[in-house]
Amino acid sequence: MKDRMLLTLLHALPKKTISRWMGRFARSPVSKRFIPYYIKRFDINLSEIEKPWEEYESLMEFFVRRLKPGARPVDPSPDTVVSPVDGTISQLGTITRDTLIQAKGLDYQLEDLLGGDGERAKQFENGTFVTIYLSPRDYHRIHAPIKGRIQGLTYIPGTLFPVNTFGVRAVRGLFVRNERLITYLTSPELGTVAVIKVGATNVGSVKVTYDPEIVTNRPRQKQLEKKSYDPEPELEKGEEMGRFEFGSTVILLFEKGKIQWCRDWRPEDPVQMGQPIAKAASRI
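Residues numbered from 1 in each chain as written. Predicted model: local features only at pLDDT ≥ 70, side-chain atom pairs only at ≥ 80, totals over all residues. Heavy atoms only, no water.

**Side note on the environment of Gln-102**
Relative to the elements of secondary structure, Gln-102 occurs in strand β3 (residues 99-103). Assessed through its relative accessible area of 1%, Gln-102 is described here as buried. (Helix = DSSP H or I, 4+ residues; strand = E, 2+ residues; numbered from the N terminus. Buried < 20%, exposed > 50% of the residue type's maximum accessible area, 1.4 Å probe, protein only.)

**What about the pattern of salt bridges?**
Across all of its chains, the model carries 13 salt bridges by this definition. Salt-bridge contacts for Lys-147 lead to Glu-236; the nearest nitrogen and oxygen are separated by 3.8 Å. Here Lys-147 is found in the loop between β6 (141-143) and β7 (148-156), whereas its partner Glu-236 is found in the loop between β12 (234-235) and β13 (240-245), with 89 residues between them in sequence. By relative accessible area, which is 45% here, Lys-147 ends up partly exposed. Close ionic contact of Asp-211 with Lys-227 constitutes a salt bridge, the shortest N to O distance being 2.7 Å. Of this pair, Asp-211 sits in the loop between β10 (205-208) and β11 (225-228) while Lys-227 sits in strand β11; the two residues are 16 residues apart in sequence, bridging distant segments of the chain. Classification of Lys-227 as partly exposed rests on a relative accessible area of 27%. Salt bridges sharing common partners tie together Glu-48, Arg-72 and Asp-86. (Salt bridge = Lys/Arg side-chain N within 4 Å of Asp/Glu carboxyl O.)

**Notes on the sheet that holds strand β1 (residues 80-82)**
Sheet strands pair by backbone hydrogen bonding; their relative direction is either parallel or antiparallel. Strand order in the open sheet made by the three strands is β1-β17-β15, with antiparallel pairing throughout. For this open sheet the edge positions go to β1 and β15 (259-261), each flanked by a neighbour on one side alone. Put simply, the sheet's adjacent strands are angled 35° from each other on average, direction ignored. Pairing analysis gives three bridges linking β15 to strand β17 (residues 276-280), with the strands arranged antiparallel. For Ile-259, the partnering residue across the bridge sits in β17 and is Ala-280. (Pairing = 2+ DSSP bridges. Axes fitted to C-alpha atoms, helices over the stretch in contact; angles between N-to-C directions.)

**Thoughts on the nonpolar core**
Residues Val-81, Val-130 and Ile-277 are the most contacted members of the largest nonpolar core, which totals 35 residues. Residues contacting Val-130, with those up to four places away along its chain left out, are Ile-89, Gln-91, Leu-92, Val-250, Ile-251, Leu-252, Phe-254, Trp-261 and Ile-277. The next biggest cluster of nonpolar side chains, apart from the first, holds 19 residues, and it includes Ile-95, Phe-129, Tyr-184 and Ala-194. (Core = buried A, V, L, I, M, F, W, Y, C linked by side-chain atoms within 4.5 Å. Contact = heavy atoms within 4.5 Å.)

Here it is in structure tokens:
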């Protein structure tokens, strides 16, 4: 009954407008006074951030804080895939033909996740996926999981349901309803890897470092956008590729037979940016 009432309320709320308001407030100087509360509420580890919290001019600036050099060492092995973010594994496994798991008893379709791009969906059929949730406590910059070239980008407008435990459990098709920003990275050994950044309630926007023209959560934006690059930008493994302006989820897609997990990962396992999560199957 409680879940049903919360879900009804979520459907009724203007989630994108609220998220834009939240983003504007968090960028304003007055939001700085909320930083101490935020630190206490979410038990932020201040020892690893790049500067004292008092030097941040707004809550948003603190939220997208960088870390001290060396705080997240990146596994140097050329055959590993590293976590692109700090977070918690929500789900992972095989893409069964074109179906991924959202939560127990809930699944969704690969082509829907990729904005109806059937050609891309075929590329990842029977491949592998992992979903990583970023809580408000986590570091919210996104880094390249492999060394590779950026083949293209797709921005898929959508709504902004929460992606926390309640949202994943209660909102059917959550990840194909929320807005997404997808980066396609490619390398000779690991093939194409899709880095899907999923928007959520109170995510003012998602930014990517390699294309400052891309803006998410825009008023009246309804059209899917696809871009390719010439020349294709190249990212080193662990190089920053974007950030969430408030928390969300990243989904990684791998082609069939390209990777094997480094260990027996399970839902609820924590991961840190730079930590190896998989290896190229050709090296095993």
